[in-house]
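Secondary and tertiary structure notes
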Amino acid sequence: MTRNKVLSARGLVKHFKMGEVSVKALDGVDFDIYEGEFIVILGPSGSGKSTLLNMIGGMDTLDAGALLFRDKPVHEMDKKGLALYRRDAVGFVFQFYNLIPSLNAFENVALAAQISSRGLDVEKTLAEVGLSERMDHFPSQLSGGQQQRVAMARAIAKNPDILLCDEPTGALDSESSERVMQLLKTINRTYDKTVIVITHDTDIATVADRVFHINDGRLTDIECNG
Ligand code: ADP
Ligand code: MG
């Protein structure tokens, strides 16, 4: 079976200047990611994981290199192009959920669905993550694991091509982490969506089709599972 490339990166470089010192957060990163793959990017704290995910998500700009989304050059997009790319192509899940406290679960998800040009049904999406009974609850009335599932529903409801997750289980106990990872796998399989999860937790990497190991801003190894 031949699969289409959804992302292609060549020689990604990113520096951060902090006064006199310059940190090389990405030091020549190359990869190809295919439609429907489940990728885990694994590496220690400070290795460049979030920087890489922010580049893939069109939230920051590169110093050098090429990043293609379905053959469209993300590295050449202007502000407007990047805004459209973020709106339509990518959905984000963060470690600390980032839900709006004054909106209930339904409203948090509805907001994202409305921003997208092809948003999904909000109730159905919340049912998908097991929260049909919790739609009118505010974030403060939900557990960490439930809040993360709202955040996942919010990302899915945009109906993006790629789901980007930055340490999505970082604030969760092991049982909630397991549930979140299984849900991500289900989303990946059900909707055939490309999922990219970054983590420093080796246990989490087991659900991936491929694991990208990152160290000091470089991909040191790509490991295939199954
Ligand atoms: P990880 O997510 O793997 O912990 P990051 O991508 O956040 O790593 O960071 C990689 C390196 O870049 C670190 O040395 C970090 O301190 C630095 N860095 C990341 N973002 C910034 C920033 N906005 N300003 C300055 N330095 C940064
Ligand atoms: Mg990080």
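First things first, this report covers the structure right here in the doc. Everything numeric here is computed off the predicted structure, so don't read it as measured data. (Residues numbered from 1 in each chain as written. Chains lettered and ligands numbered in written order. Predicted model: local features only at pLDDT ≥ 70, side-chain atom pairs only at ≥ 80, totals over all residues. Heavy atoms only, no water.)

Details of the overall build of the chain
- When its secondary structure is counted, the chain shows six helices and ten strands.
- Partitioning the contacts of the chain with sequence separation of at least 6, the portion at a separation of at least 24 is 72%.
- Surface summary for the chain: the accessible area is close to 10,900 Å², and the carbon and sulfur share equals 49%.
- Counting 25 positive and 31 negative side-chain charges, the chain places the centres of these two groups 5 Å from one another. (Helix = DSSP H or I, 4+ residues; strand = E, 2+ residues; numbered from the N terminus. Contact = heavy atoms within 4.5 Å. Areas by Shrake-Rupley, 256 points an atom, 1.4 Å probe, with all protein chains shown as cover. Lys, Arg positive; Asp, Glu negative; His and termini not counted. Charge placed at Lys NZ, Arg CZ, Asp CG, Glu CD.)

Examining the nonpolar core
- Formed by 38 residues in total, the largest nonpolar core has its most connected members in Phe38, Val40, Leu126, Leu184 and Val197.
- Mapped onto this core, the elements with two or more residues apiece are β3 (38-42), α3 (105-115), α4 (122-128), α5 (144-157), β7 (162-166), α6 (174-190) and β8 (194-199).
- Ranked by the residues each element gives to this core, the list is headed by α5, at seven residues.
- With sequence-adjacent residues up to four places away left out, valine 197 is seen in contact with Phe38, Ile39, Val40, Ile41, Cys165, Pro168, Met181 and Leu184.
- Ranked by size, the runner-up nonpolar core spans 29 residues in total, among them Leu7, Phe69, Ala89 and Phe92. (Core = buried A, V, L, I, M, F, W, Y, C linked by side-chain atoms within 4.5 Å. Buried < 20%, exposed > 50% of the residue type's maximum accessible area, 1.4 Å probe, protein only.)

Brief notes about the site of ligand 1
- Taken together, Phe16, Met18, Val23, Ala25, Pro44, Ser45, Gly46, Ser47, Gly48, Lys49, Ser50 and Thr51 make up all the residues around ligand 1.
- Lysine 49 is positioned with one of its side-chain polar atoms (N or O) 2.9 Å from an oxygen atom of ligand 1.
- Against a free-state accessible area of 560 Å², the protein chains account for coverage of 63% of ligand 1.
- Among the elements of the structure, β1 (5-18), β2 (21-34) and α1 (49-56) are those that each provide at least two residues to the shell around ligand 1.
- Take the shell around ligand 1: its biggest share by element is three residues, from α1. (Near = heavy atom within 4 Å. Polar contact = N/O pair within 3.5 Å; in protein donor to acceptor, adjacent residues only side chain to side chain.)

Focus on the packing of aromatic side chains
- Tallied over the entire structure, the rule returns three aromatic pairs.
- Here the aromatic rings of phenylalanine 69 and tyrosine 85 are separated by 5.4 Å at their centres, their planes lie at 65°, and the arrangement is edge-to-face. Placement of the pair is phenylalanine 69 in strand β4 (residues 64-69) and tyrosine 85 in helix α2 (residues 79-88), with a sequence separation of 16 residues.
- For phenylalanine 69, a relative accessible area of 5% corresponds to the buried category.
- On the accessibility criterion, tyrosine 85 (4% relative accessible area) is buried.
- Consider the rings of phenylalanine 92 and phenylalanine 94, whose centres lie 5.7 Å apart with planes at 5°: the pair is stacked. (Phe/Tyr/Trp six-rings, centres within 6.5 Å; stacked < 30°, edge-to-face > 60°.)

Description of the environment of serine 22
- By the secondary structure assignment, serine 22 is in strand β2.
- The class of serine 22 is partly exposed, set by a relative accessible area of 40%.
- Serine 22 has contacts with His15, Phe16 and Lys17, leaving out every residue within four places of it along the chain.

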